[in-house]
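# Chains, contacts and geometry: an overview
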Amino acid sequence: MNVGCVILACALLLVASSGSKAGQTLKAPCRPGFSQNFYTVIVSRDALHGKSVLKDTTLSSERVKFEDCQRSREVGFVSSDPNFSVRPDGSVYAEQELANLSEPVQFMVTARGFHDAHIWETTVKLALAGHPHPIALTKGGIEEMLSRAWDSQPRVIKFPRKHQRGSSSNGLRRQKRDWVIPPINVPENSRGPFPHMLVRIRSDQDKAAGIRYSITGAGADQPPSGIYNIDPISGNMFVTQPLDREERASFHLRAHAVDMNGNQVENPIDLYIYVIDMNDNRPEFHNQVYNGSVAEGSKPGSSVMQVTATDSEDSTTANGMVRYRILSQTPHSPIPNMFTINSETGDIVTVAAGLDREKVSQYTIIVQATDMEGNLNFGLSNTATALISITDINDNPPELTVRTFSGEVLENKVNVVVTNLTVVDRDQPHSPNWNAVYRIVSGDPSGHFAIRTNPITNEGMLTVVKAVDFEMNRAFMLTVVVSNQAHLASGIQSSLQSTAGVTISVQDVNEPPVFPVNPKMIRFEEGVPAGTTLTVFAAQDPDHFIHQIVRYSKLSDPANWLKINRTNGQITTMAVLDRESMYVRNNVYEATFLAFDNGSPQASGTGTLQIYLIDVNDNAPVLIPRESQVCERARPNSRVNITASDADADPNVGPFVFELPSFPASVRRNWTISRLSGDYAQLRLRIPYLEASVYEIPVIVSDSGNPPLSNRSVIRVKVCPCDDNGDCSATGAVAAAGLGTGAIIAILICIIILLSMVLLFVVWMKRREKERQAKPLLIDPEDDVRDNILKYDEEGGGEEDQDYDLSQLQQPESLDHIISKPAGVRRVDERPVIAESQYPVRPSLPHPGDIGDFINDGLRAADNDPTAPPYDSLLVFDYEGSGSTAGSFSFLNSTSSGDQD
């Protein structure tokens, strides 16, 4: 019992050391389970009813705390002691009435999930208030106490026995409460030697019979198996290897005692083994490098960032309690300790003023995390780097580099940069705190200039957006103010250098003449004769300070109606103006004129003259339609609707007047016109019947002009027989066209005769072709009219050359007679010394289709035979005498492509 107290004292010491700074909590990752492995609950004496405890009495205000990270897990508590239990809120109460609570009571509480298989266990010790507690130990002797606890574990654990004694004469017996086995504490990372004995399990019945002991549960016969074993005869229980609390913090085993036959002789007892945490793991930061930021000029206490480190040790002990501190700060400007860190939460805040991004834009801080509540002598440490960026605020107003800028611009130019305004701003480039915004506050009431910001250089580009006139303003004096897109930070004043003056000189250029009214509209009646002066279209020279002469010319005159005086711009007509011309649009005729000065360089301007032509009644109406047809017999629907077209405009158009002329008299006798409306009338037969033909009916159409114009128009009306529907029949249409029945019959007979002649000619050609194919190709020479080659033996000389030598026309056998020939005879024909060509043999009975091939083959052989005369020789002929009546043969050429005689 004393050994158990020592172990409990160690546990209480660890709990006390972990709770020595109860006011400081560590924000660690949430782990479902009991907050402690061992609870000591002090029972108030107020809970006692005399010396006993009533049923359902809450024993203490202290509670068993269970952490449910998911906040939706349903957990039930089960106690190993039937006399005590734990409510869902963690309060401990009595399950039944107890006589007294003079001795401390210890039992195991198991938490089980209703919907999963998770199990959590803890130990609860009940002690009556006023009961002596173990003597407190110093923190410096923790390791020594744990070592002693390892060696001072209870050596013998007996199976509980049931004691019975008579309580009264009525025979009632009271059973003594079973002893709860205290947990077995084993420090992690023990160096052995192994196996190391923990306890001895024995039964009081081992003397009467042979007992065999065994243990079951996770760590013994269940994974991870083999960590604990027991000697079945002696009951000695061993641990076989070092334990790691971070892998498994506790074990729940059951010890069994059976006889030699395997019969249970004792009820199994529960053994709870707790692995005592040792500080063997360093804190680990979640990141090796943390990035944070804080605005420049921040006040002390401003939050910057948070670093977090976790320790895998027991967070309820000092081994798992991590504390933070700052090891170094780089750079040390303006002071070495610009930041501090909350030792428990890891929050980094500023502790001094003076953060200036323009001087230091980033700080590097080395943060150390140490367990054992930051004890550098006993705790383990780790480090991480925190990079703190100083964010920019608009604490530097933009400043123009000079107080006065200057530039010049040509008049009438737009979208040109006059000058660039340079500015300096020490805030972060390309941010709203740096981007410059320029404004013209005075000197430009008409809005001729604007300032655009160059997004790269931040310069202000002073640009002309509205043309300036040298004759109106020769110079401008502007006042410019520059600011940022973002407002200045609180307490920062604008700089005097944010304002500057700009002097702009306007340069004069030769401006083109300008027409004061452009376009200029004038009104005239159409029909104005040629030579009429319409107006003076003069231009003005804007260059008042330079005397220049303006001249005019015509640029565009589609109808060539106008001319302009070169010196004064007077417009005169060259032809009659006609409103109905194709060049007039909506009664308006447009012409463009050019005005130019004699400056250097020469400048010119254009002006448009618009002439609105007032209509006069100068166009007679024209009858529409020009052709129509009616039935030869008067019918209600056999009428012709007529109207008129007039090129003039209102009121010189309709309503129109339609009437038939009095001559010839047959027109009014046969036809009549009735008015339908102001623009339409009907032409119809006056008599019941009119012979079918084509009639040209004159109609007089008059408009409503003042004075009115009339026009005699002719409409061709075809009078034809009609069917029942009132439509002209085909025969009637032909008759109406002027052809009688006899003429139609004659045309049909001619067509039949022509077709017969064509048919006879085709039949004759077919028959002749058949006869030609049946006639043999080889005929008598007398009947053969084709060209033949005739061979002559000799030819005579000319009229004055009767003494001739026939040998000259024969094939020479040798050259002797040529060599000995008297002077004057020059002809030399020489046979080539090569094999003669073989001509194709003509078949005795040729096929008609082979005749053409035979002739072509022979012709090709003759053309390519070098041995056939005439030979290729230079022929020189002697004088043959004069006065020959035969003409020259020089125009003859030997060829195989022409006729040969």
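Source: prediction; values computed, not measured.

### What about the overall build of the protein?
Regarding its fold elements, the protein presents seven helices and 50 strands. When the 901 residues of the protein are sorted by exposure, 35% land in the buried category. Sequence separation of at least 24 residues holds for 67% of the intrachain contacts in the protein that already meet a minimum separation of 6.

### Regarding the pairing of strand S32 (residues 449–453)
Strand direction decides the pairing type here: S32 and strand S33 (residues 460–464), joined by five bridges, are antiparallel. Residue Ile-451 lies in a different strand from S33, and its bridge partner there is Leu-462. Hairpin connection of S32 to S33: six residues between the antiparallel strands, including Asn-458 at a positive phi of 70 degrees.

### With respect to the sheet that holds S32
Taken in spatial order, the three strands line up as S29-S33-S32 in an open sheet, and their pairing is antiparallel. The open sheet has two free edges, formed respectively by strand S29 (417–421) and S32, since each of these has just one partner strand. Each strand axis lies, on average, 25 degrees off the axis of its neighbour in the sheet, ignoring direction.

### Things to note about the side chain of Asp-557
By secondary structure assignment, the location of Asp-557 is in the loop between strand S38 (551–556) and strand S39 (562–564). Exposure remark for Asp-557: the relative accessible area of 13% places this residue in the buried category. A distance of 3.2 Å separates a polar atom in the side chain of Asp-557 from a polar atom in the side chain of Lys-554. A polar contact of 2.8 Å, which involves the side chain of Asp-557, links it to the backbone nitrogen of Leu-562. Not counting chain neighbours up to four residues away, the residues in contact with Asp-557 comprise Leu-562, Tyr-589 and Ala-591.

### With respect to the environment of Asn-706
For Asn-706, the location among the structural elements is in the loop between strand S49 (693–702) and strand S50 (710–720). Residues Asn-706 and Asn-617 lie 89 residues apart in sequence; the distance between their C-alpha atoms is 7.1 Å. Ignoring sequence-local partners within four residues, the contact set of Asn-706 consists of Asn-617 and Asn-652.

### Description of the UniProt feature "transmembrane region" (unreviewed entry) in the protein
Within this numbering scheme, the UniProt entry marks residues 743–765 as carrying the feature "transmembrane region" (unreviewed entry). Segment residues 743–765 splits into 100% helix and 0% strand. End C-alpha atoms: 34 Å apart.

### Thoughts on unusual backbone geometry
Of note, the bond from Gly-192 into Pro-193 is cis; its omega dihedral lies within 30 degrees of zero at 5 degrees. Tracing the chain through its elements places Pro-193 in the loop between strand S11 (184–187) and strand S12 (196–202). The omega torsion across Phe-194 and Pro-195 is -5 degrees, close enough to zero to call that bond cis. Considering the arrangement of structural elements, one finds Pro-195 in the loop between S11 and S12. In this structure, Asn-189 is a non-glycine residue whose phi angle is positive, near 60 degrees. Structurally, Asn-189 is set in the loop between S11 and S12. Its identity as a non-glycine residue notwithstanding, Asn-587 has a phi of 70 degrees, on the positive side. Position of Asn-587 relative to the elements: it lies in the loop between strand S40 (570–573) and strand S41 (588–596).

So, how was this worked out
- Residues numbered from 1 in each chain as written.
- Predicted model: local features only at pLDDT ≥ 70, side-chain atom pairs only at ≥ 80, totals over all residues.
- Heavy atoms only, no water.
- Helix = DSSP H or I, 4+ residues; strand = E, 2+ residues; numbered from the N terminus.
- Buried < 20%, exposed > 50% of the residue type's maximum accessible area, 1.4 Å probe, protein only.
- Contact = heavy atoms within 4.5 Å.
- Pairing = 2+ DSSP bridges.
- Axes fitted to C-alpha atoms, helices over the stretch in contact; angles between N-to-C directions.
- Polar contact = N/O pair within 3.5 Å; in protein donor to acceptor, adjacent residues only side chain to side chain.
- UniProt positions renumbered as here; feature names shortened; annotations may be inferred.

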